[in-house]
Amino acid sequence: GCDSEVAIGTQDPLLIRFSDQESILTWAARPTNTAGDLRVGSGSKIVTAVETRQQILVFTDVSLHTMQFIGPPFTFGINQVSENTTIMSPLSAIAVDDRVFWMGQQEFYVYAGSVQKIPCSVRAYVFDDFNYDEAGKAVAGSNVSYAEVWWFYPSSSATDNDRYVVYNYQENIWFVGSLARTAWLDRGISDVPVSTGGNNYLYNQETGSLDDGSAMTSFVESGDLGIAD
């Protein structure tokens, strides 16, 4: 969302502008440069954009679009790939390899050439106990060492993120828990994922200890199982 070249000072929440390839200070589109703009054709505002290896995914409040470099004279092209697709917050989408996972208003989604809903065994647990007034704080992160995508979100009794839901995309399983995290960076710069809490501390994840460094008490709890199963 930005000002158009012909209406400086008036923001268009569906407009994307890009600078000249040779100068990030040149934004006015001219026949002699590659600056320009694109307007998304549906929705009321752009929520976020996620870069992948092949393209940029642009999310509005009700749709998903792909933006690709096509060269002169248009530089970039944009196509709508899905309607009636929601996203919870600007930071609730994450790119993992050639896929993008995100949390919608009532569903989880993945894009890998097309948009698909992810069947979620804990969907009611997450969305029936969610503080939608603070939905903009939801944040996604990846843990590629274990093929996991994490989402941290505020439960209905909280004003900040206090819970998480995790999807393992290799084993196609879900699990949930309680943990206050506001941002997440996967391993790469460091040997383990690094996250932030509401107290402005940085935490090394996957170390087997609690926030204060003491050993974790771990357990696994399943739902009811019939003897015949």
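Residues numbered from 1 in each chain as written. Predicted model: local features only at pLDDT ≥ 70, side-chain atom pairs only at ≥ 80, totals over all residues. Heavy atoms only, no water.

**Focus on the overall build of the chain**
Regarding its fold elements, the chain presents one helix and 19 strands. Along the first, second and third principal axes, the C-alpha set of the chain runs to 70 × 40 × 30 Å. Computed over 12 positive and 28 negative side-chain charges, the inter-centroid distance for the chain is 5 Å. (Helix = DSSP H or I, 4+ residues; strand = E, 2+ residues; numbered from the N terminus. Lys, Arg positive; Asp, Glu negative; His and termini not counted. Charge placed at Lys NZ, Arg CZ, Asp CG, Glu CD.)

**Side note on the side chain of His65**
With respect to the helices, strands and loops of the structure, His65 is situated in strand S7 (residues 63-71). The exposure class assigned to His65 is buried, which follows from its relative accessible area of 2%. In terms of polar contacts, His65 uses its side chain to reach the side chain of Ser42, at 3.4 Å. Residues contacting His65, with those up to four places away along its chain left out, are Val40, Gly41, Ser42, Ile56, Leu57, Val58, Thr60, Ile78, Asn79, Gln80 and Val81. (Buried < 20%, exposed > 50% of the residue type's maximum accessible area, 1.4 Å probe, protein only. Polar contact = N/O pair within 3.5 Å; in protein donor to acceptor, adjacent residues only side chain to side chain. Contact = heavy atoms within 4.5 Å.)

**Some details on the pattern of salt bridges**
Within the structure shown, the criterion is met by nine salt bridges. Between Lys137 and Glu134 there is a salt bridge, with its nearest N and O atoms 3.2 Å apart. The salt bridge involving Asp160 is made with Lys137; its shortest N-O contact spans 2.8 Å. Taken together, the residues Asp160 in the loop between strand S14 (148-153) and strand S15 (163-168) and Lys137 in the loop between helix H1 (123-127) and strand S13 (139-143) connect sequence positions 23 residues apart. Asp160 sits in the partly exposed class, given a relative accessible area of 41%. Sharing partners across several salt bridges, the network here consists of Arg53, Asp97 and Asp98. (Salt bridge = Lys/Arg side-chain N within 4 Å of Asp/Glu carboxyl O.)

**Digging into the sheet that holds strand S19 (residues 202-204)**
Strand order in this open sheet of three strands is S17-S18-S19, and the pairing throughout is antiparallel. Because the sheet does not close on itself, it has two edges, and the strands there are strand S17 (183-185) and S19. Here the average twist between neighbouring strands, direction ignored, is 20°. Here three bridges tie strand S18 (residues 194-196) to S19, and the two strands are oriented antiparallel to one another. (Pairing = 2+ DSSP bridges. Axes fitted to C-alpha atoms, helices over the stretch in contact; angles between N-to-C directions.)

**Describing the sheet that holds S15**
Pairing is antiparallel across the open sheet formed by four strands, whose spatial order is S13-S14-S15-S16. Across the chains shown, the open sheet's two edge strands, defined by having one partner strand only, are S13 and strand S16 (173-178). Across the sheet, the mean angle separating the axes of adjacent strands is 20° when strand polarity is ignored. Note: S14 against S15, six bridges, orientation antiparallel. When the sheet's bridge partners are listed, Trp151 is paired in S15 with Val165.

**As for the packing of aromatic side chains**
Per the stated rule, a full pass over the model turns up 21 aromatic pairs. An angle of 45° between the planes, with centres 5.3 Å apart, marks the rings of Phe108 and Phe127 as tilted. Highlighted residues: Phe108 in strand S11 (residues 108-111) and Phe127 in helix H1, separated in sequence by 19 residues. For Phe108, a relative accessible area of 1% translates into the label buried. Measuring from centroid to centroid gives 6.3 Å for Phe127 and Phe130, while their planes differ by 20°, and the two rings are stacked. Pair check on accessibility: Phe127 and Phe130 agree, each one buried. Aromatic ring contacts, followed pair by pair, group Phe101, Phe108, Phe127, Phe130, Tyr132, Trp151, Tyr153, Tyr167, Tyr169 and Trp174 into a single cluster. (Phe/Tyr/Trp six-rings, centres within 6.5 Å; stacked < 30°, edge-to-face > 60°.)

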